[in-house]
Amino acid sequence: MAAPAKLIAIIASLSLSLYSLHLLTSRRRAISHSKHKTLITHNNKPKRNGIVGAIGNTPLIRINSLSDATGCEILAKAEFLNPGGSVKDRVAVQIIEEALESGQLLKGGVVTEGSAGSTAISLATVAPAYGCKCHVVIPDDAAIEKVCMIKNL
């Protein structure tokens, strides 16, 4: 296997492992029903209230092999653990909050996105949390997986 292919395989397996670990550890229920973004659970670990509260609070993960090989601490931000699976979730929150604050978007309004990329998935994930609808216009040659995901959101 070529060096870039090995690196991609390592990153993919790390991502899958971290996501599996996240799924296993995220099943604890919050005992508080506060409307704040952070809830405290029975074991004093913070829990986020709703989709918007969960965005951006992803962990930094030390990559041991690279850190040991370079002598520097190499950390990876696990943005794939955002609800929409991408760093674009942060962008979607910012876009919608700015549009609501400026009056360009009202609750019950429609957010329109012209792609089938990560931003479209993030906007379709986040818009309902703000009481808005999301309309995504996608090209004919978009990947079927993304089309299905956007339709389901």
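Given the structure is predicted, the values throughout are model-derived calculations rather than measurements. (Residues numbered from 1 in each chain as written. Predicted model: local features only at pLDDT ≥ 70, side-chain atom pairs only at ≥ 80, totals over all residues. Heavy atoms only, no water.)

Before going further, it helps to spend a moment on the overall build of the protein chain. In terms of helices and strands, the protein chain carries six helices and six strands. Each helix and strand of the protein chain, placed in order from N terminus to C terminus, yields the pattern α-β-β-α-β-α-β-α-β-α-β-α. When each of the 153 residues of the protein chain is scored for burial, the buried share is 27%. For the protein chain, the accessible area works out to roughly 10,200 Å², and carbon and sulfur atoms hold 59% of it. (Helix = DSSP H or I, 4+ residues; strand = E, 2+ residues; numbered from the N terminus. Buried < 20%, exposed > 50% of the residue type's maximum accessible area, 1.4 Å probe, protein only. Areas by Shrake-Rupley, 256 points an atom, 1.4 Å probe, with all protein chains shown as cover.)

Now for the packing of helix H4 (residues 88-102) against helix H5 (residues 118-126). Viewed as axis vectors pointing N to C, H4 and H5 meet at an angle of 55°, and their least axial separation amounts to 8 Å. It follows that H4 is oblique to H5 by the angle criterion. In this structure, H4 crosses over H5, and the sense of that crossing is right-handed. Between H4 and H5, the contacting residues are Lys-88, Asp-89, Ala-92, Val-93 and Ile-96 on the first element and Ser-118, Thr-119, Ser-122, Leu-123 and Val-126 on the second. Looking at side-chain class alone, the contact of H4 with H5 contains five nonpolar, three polar and two charged residues. (Axes fitted to C-alpha atoms, helices over the stretch in contact; angles between N-to-C directions. Parallel < 35°, antiparallel > 145°, perpendicular 65-115°, else oblique. Left-handed = near helix turned anticlockwise from the far one by under 90°. Contact = heavy atoms within 4.5 Å. Nonpolar A, V, L, I, M, F, W, Y, C, P; charged D, E, K, R; others polar.)

Attention shifts here to the packing of H5 against helix H6 (residues 144-152). Running from N to C, H5 and H6 cross one another at 15°; their axes reach a closest spacing of 9 Å. Taken together, H5 and H6 sit at an angle that is classed as roughly parallel. Two packed elements cross with a definite hand, and for H5 against H6 that hand is left-handed. Contacts between H5 and H6 involve Ser-118, Ala-120 and Ile-121 on the former and, on the latter, Lys-146, Met-149 and Ile-150. The residue inventory of the contact of H5 with H6, partitioned by class, reads four nonpolar, one polar and one charged.

The subject of this paragraph is the nonpolar core. Counting residues in hydrophobic clusters, the biggest one holds 13 residues, and the most contacted among them are Val-93, Ile-96, Leu-105, Val-111, Val-126, Tyr-130 and Cys-132. Of all elements in the fold, only H4 and H5 reach the threshold of two or more residues within this core. By residue number, the principal contributor to this core is H4, which donates four residues. Grouped together as the second largest cluster of nonpolar side chains are seven residues, Ala-116, Val-136, Ala-142 and Val-147 included. (Core = buried A, V, L, I, M, F, W, Y, C linked by side-chain atoms within 4.5 Å.)

The two faces of strand E5 (residues 110-113) differ: Val-111 and Glu-113 on one face are buried, but Val-110 and Thr-112 on the other face are not. Note on the crossover from E5 through H5 to strand E6 (residues 133-136): the handedness is right-handed. (Right-handed = clockwise from strand over helix to strand, strands pointing away.)

Three or four residues apart is the spacing at which side chains of an α-helix point the same way, because the helix has 3.6 residues per turn. Along its 15 residues, H4 runs 21 Å from first to last C-alpha, staying within 8% of the 21 Å computed at 1.5 Å per residue. Looking at the buried side of H4, the elements it contacts are helix H2 (50-54), E5 and H5. (Expected span 1.5 Å × (residues − 1).)

Attention shifts here to the side chain of Thr-58. In this fold, Thr-58 is placed in the loop between H2 and strand E3 (60-62). The residues contacting Thr-58, other than those within four sequence positions of it, are Lys-77, Ala-78, Glu-79, Leu-81, Asn-82 and Arg-90.

Let us now look at the confidence of the model for the protein chain. For the protein chain, per-residue confidence averages 77 on the pLDDT scale, and 69% of positions sit at 70 or higher. Contacts of residues 24-41 to residues separated by more than four positions or lying in other chains number 35 contacts, the stretch itself having pLDDT below 50. (pLDDT = per-residue confidence, 0-100.)

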